[in-house]
There are 2 protein chains.
Amino acid sequence: MADDYSKVLLDESEMPTQWYNVIPDLPEPPPPPLHPGTHEPIGPDDLAPLFPMALIMQEVSTDSYIDIPGEVLDIYKLWRPTPLLRARRLEKALDTPAKIFLKYEGGSPAGSHKPNTAVPQAFYNAQEGVKRLTTETGAGQWGSALAFATAQYGLDCEVWQVRASYDQKPYRKTMMEIWGANVHPSPSDLTAAGRAVLAADPDSPGSLGIAISEAVEQAGPDPDTRYALGSVLNHVLLHQTIIGEEALLQLAKVEETPDVLVGCTGGGSNFGGLSFPFLREKLAGRMNPTIRCVEPASCPSLTRGEYRYDFGDTGQLTPLVKMHTLGHSFVPDPIHAGGLRYHGMAPLVSHIYELGLVEAESIHQTECFAAAIQFAKSEGIVPAPEPTHAIAAAIREALRCKESGEEKVILTALCGHGHLDLASYEQYLAGQLVDYDYPEEKISAAMAQVPVLG
Amino acid sequence: MADDYSKVLLDESEMPTQWYNVIPDLPEPPPPPLHPGTHEPIGPDDLAPLFPMALIMQEVSTDSYIDIPGEVLDIYKLWRPTPLLRARRLEKALDTPAKIFLKYEGGSPAGSHKPNTAVPQAFYNAQEGVKRLTTETGAGQWGSALAFATAQYGLDCEVWQVRASYDQKPYRKTMMEIWGANVHPSPSDLTAAGRAVLAADPDSPGSLGIAISEAVEQAGPDPDTRYALGSVLNHVLLHQTIIGEEALLQLAKVEETPDVLVGCTGGGSNFGGLSFPFLREKLAGRMNPTIRCVEPASCPSLTRGEYRYDFGDTGQLTPLVKMHTLGHSFVPDPIHAGGLRYHGMAPLVSHIYELGLVEAESIHQTECFAAAIQFAKSEGIVPAPEPTHAIAAAIREALRCKESGEEKVILTALCGHGHLDLASYEQYLAGQLVDYDYPEEKISAAMAQVPVLG
């Protein structure tokens, strides 16, 4: 390629045809999920009411690679392979000798990396005869992705959107409806869980925990209906590894290897998707990047949470999983990166962090938005609030290189655009965005509710 | 390439390095613009207070090709070359033997084709020492593009946004501010033109005509300030020809030639950009596509307007240009495709239509939104309201092919995404979108105001 490239593309024929499962390559496997009642490891049958067997088998797979079905590749090709951007204009603005690469996932129909897993989840459900998927959504990214994906395979899609978000961001709802999804504000009177909340508080703004309860409740008893989750679980991170596999091929094309890889972490699927293929290369001794998670200072599950068994949801309906957690009842301050406002962290990312294979840092949101504005002015793209954390971390690293003179290669993922998040930029530009202190008391209170296992 | 490709990409090294000027290839040149006072053809000096000389010389150029400056190519490469999509899933949904190709321009920072001209306009102004650009914007697409472009060359940017749009679509304003533009609602008290309107009606919702007057008034007397226009003029259409030049290369890669080319027309820059390189091929006898404009039924300048000298703006500040017009005082019904709500048509597109080289049809907006929903469900991308017209026209053609059994190759441009236009989809899905009758009386009244030349 020419030396002055701005992005590295792959042809469709070069797109990876397998997802990568990092588990067999780890020095030890992650601890198993436990049944919330018996505290015994759960088996595939325990998950069968919620997920199709193909996804459950991926969740527990010990194979290093899993073939991507042709019917999924066909849909991926609507927007994949995604470009690897070289942020030359940002490098110049920072006056850094570092090279900054960003894997851009915002060109998908839903505008983020989420369709990478929504599409195979919809596919496997359709293949097993499921007619309808239920899910929850906060800011709307995951609901949009699943609405798009279910439309491709003729499935119905029911989304419980957190009431506050449903009222404040009507356009995400509209996007989901364009693809044919049925969107309910949560709490709703369609479920026992929702009705119980409404009975206690008719004006409840809802929460992700309540919305999960409603979606799970609707999926469980109906044999034609299953539930879909957009992050945290092993099979979700597995599907996202196509991000990192593509990035590896793209960096090879320009003969670069990353010295530092940074990714924003909420549930962990964007970070896992980008980093796991590079972790494979690191474990095999073929490269040696520093791999770093970036999380919001107001929801610091890796840097401040404890590594313990906890519930994945506020309503305590899910299995117990060992992860870095702030406590399942922890409610983060209202930062704009809705996708990073999760009390826990993917068990697989938590395990790898515990093994010392990755680092973590936290950043406040005003630094993130300042970084995003600098990025947008240099490179054009307006990032979603979540990847502003990745960009802020990349800029920190690039400025360290400016000090040291090191010509490091920095890789990160720009996992979504911010076209439906412009209200957050409006607040930032008006000087109305605040940073929240470390929520020590809230975390202590929430951690006190985490079950103590025998 | 494999036979089942979903899109055709070009590498940056394959990006065209020249814009194409169709005028020398036409059987006769378009009539010249006239001075509004003398009715004599205007010269470059008449335009010098508004535009830099490089753009004025492009406006009147008789060269067939004009080199794209390296500093512009560098910025183009942030998102160009753009993909050529093959809408296989839509073809299947329509059960048509036709092949449907779409040149997708929504991946630009501003989300449309507009930066293709905003970037060179900002560049040439910066090169001639201009410090500030003024412009108007209706829905906000053009203002966003110019805000992005000026940020690349360190120019200030002042945008007068039609008051009704400023109030109803605050997110376009935020997007412009992210890139550093200063956005004013129009009418404003910053200009004599704005103050006059406000004196008569303090609650004026504004209009594109008023906003143009304000931007032009601010640019004229200040030697450091110039004005920028996002469509209609020859140099704007020239810059957009990179769309068609890329599409030609991409179709050649898959060994296809278009039988039908359709493009939506408002001011004419998207249509001209896509079609002129193909018109060159047609005039040279190398291919023979039917080339068709698609316009909204409520603003039918080509299909119902007269080919006459008229003003480009409501305020009668611009030169007189010969074009298809509904009358400079015509105010279209409030359809959602704001970018197509223009009383006239690019003089160059009008001239080519008059020469019989292109056809035109008009479509109502509810058919367009129905087509857009079908497209989004099949192909993922949610289109802006403007290109829904192009998609509806492509679907009409594909369904005719289904009847006739013809395996036609249909090419159109998907000139922007609809992420900032979801309110229009919300109305459509709620059944609140109406079609407007042909505005015969309004057009008659407006045409009565068009000057009669001696």
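Residues numbered from 1 in each chain as written. Chains lettered and ligands numbered in written order. Predicted model: local features only at pLDDT ≥ 70, side-chain atom pairs only at ≥ 80, totals over all residues. Heavy atoms only, no water.

A.B. asks: Please explain the overall build of chain A as it appears in this structure.
C.D. replies: Along chain A, the regular secondary structure elements total 18 helices and 15 strands. A compact globule built from 454 residues should have a C-alpha radius of gyration of about 22 Å, and chain A, at 21 Å, falls within 12% of that. Its C-alpha atoms put chain A at 60 × 50 × 50 Å along the principal axes. With 454 residues in all, chain A has 61% of them scored as buried. Taking contacts inside chain A between residues at least 6 apart in sequence as the whole, the part at least 24 apart equals 76%. When the accessible surface of chain A is summed, it comes to about 15,400 Å², and 49% of that surface belongs to carbon and sulfur atoms. (Helix = DSSP H or I, 4+ residues; strand = E, 2+ residues; numbered from the N terminus. Rg over C-alpha atoms; globule rule 2.2 N^0.38 Å. Buried < 20%, exposed > 50% of the residue type's maximum accessible area, 1.4 Å probe, protein only. Contact = heavy atoms within 4.5 Å. Areas by Shrake-Rupley, 256 points an atom, 1.4 Å probe, with all protein chains shown as cover.)

A.B. asks: Sorry, what's going on with the packing of aromatic side chains here?
C.D. replies: How two aromatic rings sit relative to each other is given by the distance of their centres and the angle of their planes. Summed over the entire model, instances satisfying the criterion amount to 20 aromatic pairs over all chains. Here A:Tyr76 and A:Trp79 contribute two aromatic rings whose centre-to-centre distance is 6.0 Å and whose plane-to-plane angle is 70°, an arrangement assigned as edge-to-face. Under the relative-accessibility criterion, A:Trp79 is labelled buried at 7%. An aromatic cluster is present here, built from A:Tyr76, A:Trp79, A:Phe148 and A:Trp179 joined pairwise through their rings. The ring of A:Tyr438 has A:Arg304 sitting right over it, with the charged end atom 3.7 Å from the ring centre. The ring of B:Tyr5 has B:Arg88 lying over it, and the distance from NZ or CZ to the ring centre is 4.8 Å. (Phe/Tyr/Trp six-rings, centres within 6.5 Å; stacked < 30°, edge-to-face > 60°. Lys NZ or Arg CZ within 6 Å of the ring centre and 35° of its normal.)

A.B. asks: Teacher, can you tell me more about the interface of chain B and chain A here?
C.D. replies: A common way to report how large an interface is uses the accessible area buried once the components associate. Opposite the 46 residues of chain B that make contact, chain A presents 46 residues. Buried area between chain B and chain A, summed over both chains or domains, comes out near 3,900 Å², and the portion from carbon and sulfur atoms is 59%. Counting the contacts that link chain B with chain A gives 4 salt bridges. Ionic pairing is found between A:Lys77 and B:Asp4, a salt bridge with its closest N-O pair at 3.9 Å. Where chain B packs against chain A, one counts 19 residue pairs in polar contact (both at pLDDT 80 or more). Those elements that place two or more of their residues in the side of chain B that touches chain A are helix H3 (70–76), helix H6 (141–153), helix H8 (170–178), helix H15 (365–379) and helix H17 (422–429) of chain B. (Buried area = accessible area lost by both parts, 1.4 Å probe. Salt bridge = Lys/Arg side-chain N within 4 Å of Asp/Glu carboxyl O. Polar contact = N/O pair within 3.5 Å; in protein donor to acceptor, adjacent residues only side chain to side chain.)

A.B. asks: Whenever I open this one, the sheet that holds strand E6 (residues 132–137) of chain A confuses me. Can you help?
C.D. replies: In sheet architecture, strand pairing relies on hydrogen bonds along the backbone and comes in two forms, parallel and antiparallel. Residue and element names in this part refer to chain A. Pairing in this open sheet of 4 strands is parallel, and the strands run E8-E7-E6-E9 from one edge to the other. Where the open sheet ends on each side, the last strands, each with one partner, are strand E8 (182–186) and strand E9 (225–227). On average, each strand axis in the sheet is inclined to that of its neighbour by 25°, with strand direction left out of account. As paired elements, E6 and strand E7 (residues 156–162) share 6 bridges and run parallel to each other. Counterpart to Glu-136 in the pairing with E7 is Trp-160. Strands E6, E7 and E8 of the sheet are contacted by helix H8 (residues 170–178), whose axis makes an angle of about 175° with E7. Along the sheet, helix H10 (residues 208–219) makes contact with E6, E7, E8 and E9, crossing E6 at roughly 170°. (Pairing = 2+ DSSP bridges. Axes fitted to C-alpha atoms, helices over the stretch in contact; angles between N-to-C directions.)

A.B. asks: What's the story with the relation of the copies chain B and chain A in this structure? I'm lost.
C.D. replies: Mapping between the two chain copies consists of a rotation about an axis together with a translation along that axis. Once chain B has been moved 0.0 Å along the axis and rotated by 180°, it coincides with chain A to within an RMSD of 0.0 Å. As the rotation angle and translation indicate, the two copies are arranged about a two-fold axis. Looking at the rotation axis and the C-alpha trace of chain B, the residue lying nearest is B:His419, at 3.1 Å. Both copies share a contact surface, since 100% of the interface residues of chain B are interface residues in chain A too. (Least-squares fit on C-alpha atoms with pLDDT ≥ 70 in both.)

A.B. asks: What exactly am I supposed to notice about the packing of helix H5 (residues 115–127) of chain B against helix H11 (residues 234–253) of chain B here?
C.D. replies: Residues and elements named next belong to chain B. Packing of H5 against H11 brings their axes to within 8 Å, and their N-to-C directions diverge by 125°. Classified by the angle their axes make, H5 and H11 are oblique. The chirality of how H5 crosses H11 is right-handed. Counted together, Asn-116, Thr-117, Pro-120, Gln-121 and Tyr-124 of H5 and His-235, Val-236, His-239, Gln-240, Ile-242 and Ile-243 of H11 form the full contact between these two elements. (Parallel < 35°, antiparallel > 145°, perpendicular 65-115°, else oblique. Left-handed = near helix turned anticlockwise from the far one by under 90°.)

A.B. asks: Just to check I follow, could you spell out helix H15 (residues 365–379) of chain A for this structure?
C.D. replies: Think of an α-helix as turning once every 3.6 residues; residues three or four places apart then point the same way. The terminal C-alpha atoms of H15(A) lie 20 Å apart, and with 15 residues this matches the ideal 21 Å at 1.5 Å per residue to within 8%. Downstream of H15(A) by one or two residues, A:Gly380 has phi in the positive range, about 100°. (Expected span 1.5 Å × (residues − 1).)

A.B. asks: Could you clarify how one ought to interpret the side chain of A:Asn21 in this entry?
C.D. replies: Within the fold, A:Asn21 resides in the loop between strand E2 (18–20) and helix H1 (44–47). By relative accessible area, A:Asn21 is classed as buried at 5%.

A.B. asks: Is there a simple way to explain the nonpolar core in this structure?
C.D. replies: What tends to happen in soluble globular proteins is that the nonpolar side chains get buried as a cluster. With 48 residues, the main nonpolar core has A:Tyr425, B:Trp19, B:Val72, B:Tyr76 and B:Val119 as its most contacted residues. Counting residues per element, the ones that place at least two in this core are H15 and helix H17 (422–429) of chain A together with H3, H5, H6, strand E7 (156–162), H8 and H11 of chain B. Considering each element in turn, this core owes the most residues, 7 residues, to H6(B). The residues touching A:Tyr425, leaving out its near neighbours within four places in the chain, are A:Phe369, A:Ala372, A:Ile373, A:Val382, A:Pro383, A:Thr388, B:Thr174 and B:Ile178. (Core = buried A, V, L, I, M, F, W, Y, C linked by side-chain atoms within 4.5 Å.)

A.B. asks: Help me understand the confidence of the model for chain A in this model?
C.D. replies: When pLDDT drops low, the exact placement of atoms in the prediction is not to be read closely. Counting all residues, the mean pLDDT for chain A is 94, and 100% of those residues have values of 70 or more. Overall fold confidence for the complex sits at a pTM of 0.96, while the interface term, ipTM, reaches 0.95. (pLDDT = per-residue confidence, 0-100.)

A.B. asks: It is not clear to me how the environment of B:Glu256 should be interpreted in this structure. Could you clarify?
C.D. replies: Residues and elements named next belong to chain B. Checked against the element boundaries, Glu-256 lands in the loop between H11 and strand E10 (260–264). The class for Glu-256 is buried, based on a relative accessible area of 14%. In sequence terms Glu-256 and Leu-238 are 18 residues apart; their C-alpha atoms lie 25 Å from each other. Contact partners of Glu-256, with chain neighbours within four places excluded, come to Tyr-5, Lys-99, Phe-101, Leu-251 and Val-409.

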